[in-house]
Amino acid sequence: MAVRQGSGAMLGGMELHVLNHPLVEHKLTVLRDKNTPSSTFRELVSELVSLEAYEATRNLAVVDKPIETPVAPMVGKQIAKPRPIIVPVLRAGLGMLDGMTRMMPSAEVGFLGMKRDEEHPTQQITYANRLPDDLSGRQCFLIDPMLATGGTLVAATHYLAEKGAKDVTAICIIAAPEGIKFVEDNIDPSIDFRVVVCGVDEGLNDRSYIVPGLGDAGDRLYGVVD
Ligand SMILES: O=P(O)(O)OC[C@H]1O[C@H](OP(=O)(O)OP(=O)(O)O)[C@H](O)[C@@H]1O
Ligand SMILES: O=c1cc[nH]c(=O)[nH]1
Ligand SMILES: [Mg+2]
């Protein structure tokens, strides 16, 4: 697996970008803190995904766009068509949506509702989907804060691949090494796939939660308390 710190060179296998920036470190620390309320948690998720978007869209396809500035004509660039599509994995992925659409306002948005079966954490229940039937030729950006066992990300990517997606960028906030390996071992090699994260943690506990992690991202985003 090629691990890029910041914007290093990708070597082979799955591409993993781990952001390395003091602003990200600071915001991640506040995000993780159990004393941080949901309102602040939501703001930080949004800020972190905006910082990640810069790295995650490094391969975004652009085409020539002739314009005239107030001074002279020139040929600039614009995002290519068909437009990229952002796919939040509900619930927690929804918390990353406005940060992503702020950076790519012209992107389409699809939706995928997937809930991990806590009895069998690598299984998911897909309870909602609003996606185009055909994703061929579309650059897809899956957003979901947590990459724990990797089951959800693999299932979501398969879902997009079944609709023709061949270019998928997953944007997560925190990943576990186990999940990164599971994804690397199970993503269809014919898919141009990369993962961007703010940090890779120690591992998973016996409930497949990321350690030290930040708890249940969906619960923290939406004020669900035990
Ligand atoms: O890598 P995995 O082991 O699949 O775990 C990661 C998934 O678990 C969490 O979602 P959850 O299923 O708790 O649903 P929620 O987003 O509605 O909270 C998280 O938002 C990811 O989607
Ligand atoms: O730590 C974890 C693992 C899975 N899902 C979460 O929301 N948090
Ligand atoms: Mg989820």
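Model, not experiment: these values are computed from the prediction.

Enquirer: In this structure, what is going on with the UniProt feature "binding site: 5-phospho-alpha-D-ribose 1-diphosphate" (unreviewed entry) in the chain? I would like to understand it.
Expert: Per the UniProt entry, the sites bearing "binding site: 5-phospho-alpha-D-ribose 1-diphosphate" (unreviewed entry) are Arg91, Arg116, Asp144, Pro145, Met146, Leu147, Ala148, Thr149, Gly150, Gly151, Thr152 and Asp216 in this numbering. Those annotated residues lining the largest pocket are, specifically, Arg91, Arg116, Asp144, Pro145, Met146, Leu147, Ala148, Thr149, Gly150, Gly151, Thr152 and Asp216. Tracing the chain through its elements places Arg116 in strand S7 (residues 111-117). A polar side-chain atom of Arg116 sits 3.4 Å from the main-chain carbonyl oxygen of Arg207. Tracing the chain through its elements places Gly150 in the loop between strand S10 (146-147) and helix H4 (151-161). Gly150 sits in the buried class, given a relative accessible area of 4%. Contacts of Gly150, omitting those with residues within four sequence positions, involve Gly179, Phe182 and Val183.

Enquirer: Would you mind going over the site of ligand 1 with me for this structure?
Expert: Taken together, 15 residues lie near ligand 1, and Arg91, Arg116, Asp144, Thr149 and Thr152 sit nearest. In this structure, Ala92 approaches ligand 1 through a main-chain N or O atom, which is 3.1 Å from an oxygen atom. With respect to ligand 1, the backbone of Gly150 contributes an N or O atom lying 2.9 Å from an oxygen atom. When the free accessible area of ligand 1 is taken as 490 Å², the share hidden by the protein chains comes to 96%.

Enquirer: Honestly, the confidence of the model for the chain in this entry has me stumped. Any pointers?
Expert: Caution applies to low-pLDDT regions: their predicted coordinates should not be interpreted in detail. In the predicted model, the chain carries a mean pLDDT of 94, and the fraction of residues at 70 or more is 95%. Counting contacts from residues 7-12, a segment whose pLDDT is below 50, to residues more than four positions away or on other chains yields 9 contacts.

Enquirer: I would appreciate a short explanation of the site of ligand 2 in the present structure.
Expert: Around ligand 2, the surrounding shell consists of Arg116, Met146, Ala148, Ser208, Tyr209, Ile210, Gly215, Asp216 and Ala217. When atom positions are compared with the pocket grids, ligand 2 is found to occupy the largest pocket. Among the residues forming the shell around ligand 2, the class breakdown is 5 nonpolar, 2 polar and 2 charged.

Enquirer: Help me understand the packing of H4 against helix H5 (residues 177-186), please; the structure alone is not making it clear to me.
Expert: Viewed as axis vectors pointing N to C, H4 and H5 meet at an angle of 30 degrees, and their least axial separation amounts to 8 Å. The angle between H4 and H5 places the two elements in the roughly parallel class. For the element pair H4 and H5, the recorded crossing hand is right-handed. Judged by residue contacts, Gly151, Leu153, Val154 and His158 of H4 engage Phe182, Val183 and Asn186 from H5. When its residues are assigned to classes, the contact of H4 with H5 shows 4 nonpolar, 3 polar and no charged.

Enquirer: Please clarify how the layout of surface pockets should be interpreted in this entry.
Expert: Unoccupied space between atoms shows up once a probe the size of one water molecule is rolled over them. In this structure, the largest pocket encloses a volume near 620 Å³. In this structure, the largest pocket is lined by 30 residues; those nearest its centre are Ala92, Arg116, Glu118, Asp144 and Asp216. Among the elements of the structure, strand S5 (85-90), S7, S10, H4 and helix H6 (217-221) are those that each provide at least two residues to the lining of the largest pocket. Top contributing element to the lining of the largest pocket by residue count: H4, with 4 residues. Its residues assigned to classes, the lining of the largest pocket shows 15 nonpolar, 7 polar and 8 charged. By volume, the second largest pocket is sized at about 340 Å³. Forming the walls of the second largest pocket are 15 residues, and the residues nearest its centre are Asp216, Asp219, Arg220, Val224 and Asp226.

Rules used throughout
- Residues numbered from 1 in each chain as written.
- Chains lettered and ligands numbered in written order.
- Predicted model: local features only at pLDDT ≥ 70, side-chain atom pairs only at ≥ 80, totals over all residues.
- Heavy atoms only, no water.
- UniProt positions renumbered as here; feature names shortened; annotations may be inferred.
- 1 Å grid on protein atoms, 1.4 Å probe; cavity = no way out; pocket = protein on both sides within 12 Å on 5 of 7 lines; lining within 4 Å.
- Helix = DSSP H or I, 4+ residues; strand = E, 2+ residues; numbered from the N terminus.
- Polar contact = N/O pair within 3.5 Å; in protein donor to acceptor, adjacent residues only side chain to side chain.
- Buried < 20%, exposed > 50% of the residue type's maximum accessible area, 1.4 Å probe, protein only.
- Contact = heavy atoms within 4.5 Å.
- Near = heavy atom within 4 Å.
- Areas by Shrake-Rupley, 256 points an atom, 1.4 Å probe, with all protein chains shown as cover.
- pLDDT = per-residue confidence, 0-100.
- Sits in = over half its atoms within 2 Å of the grid points.
- Nonpolar A, V, L, I, M, F, W, Y, C, P; charged D, E, K, R; others polar.
- Axes fitted to C-alpha atoms, helices over the stretch in contact; angles between N-to-C directions.
- Parallel < 35°, antiparallel > 145°, perpendicular 65-115°, else oblique.
- Left-handed = near helix turned anticlockwise from the far one by under 90°.
- Points joined across faces, edges and corners; volume = space filled by probe spheres on them.

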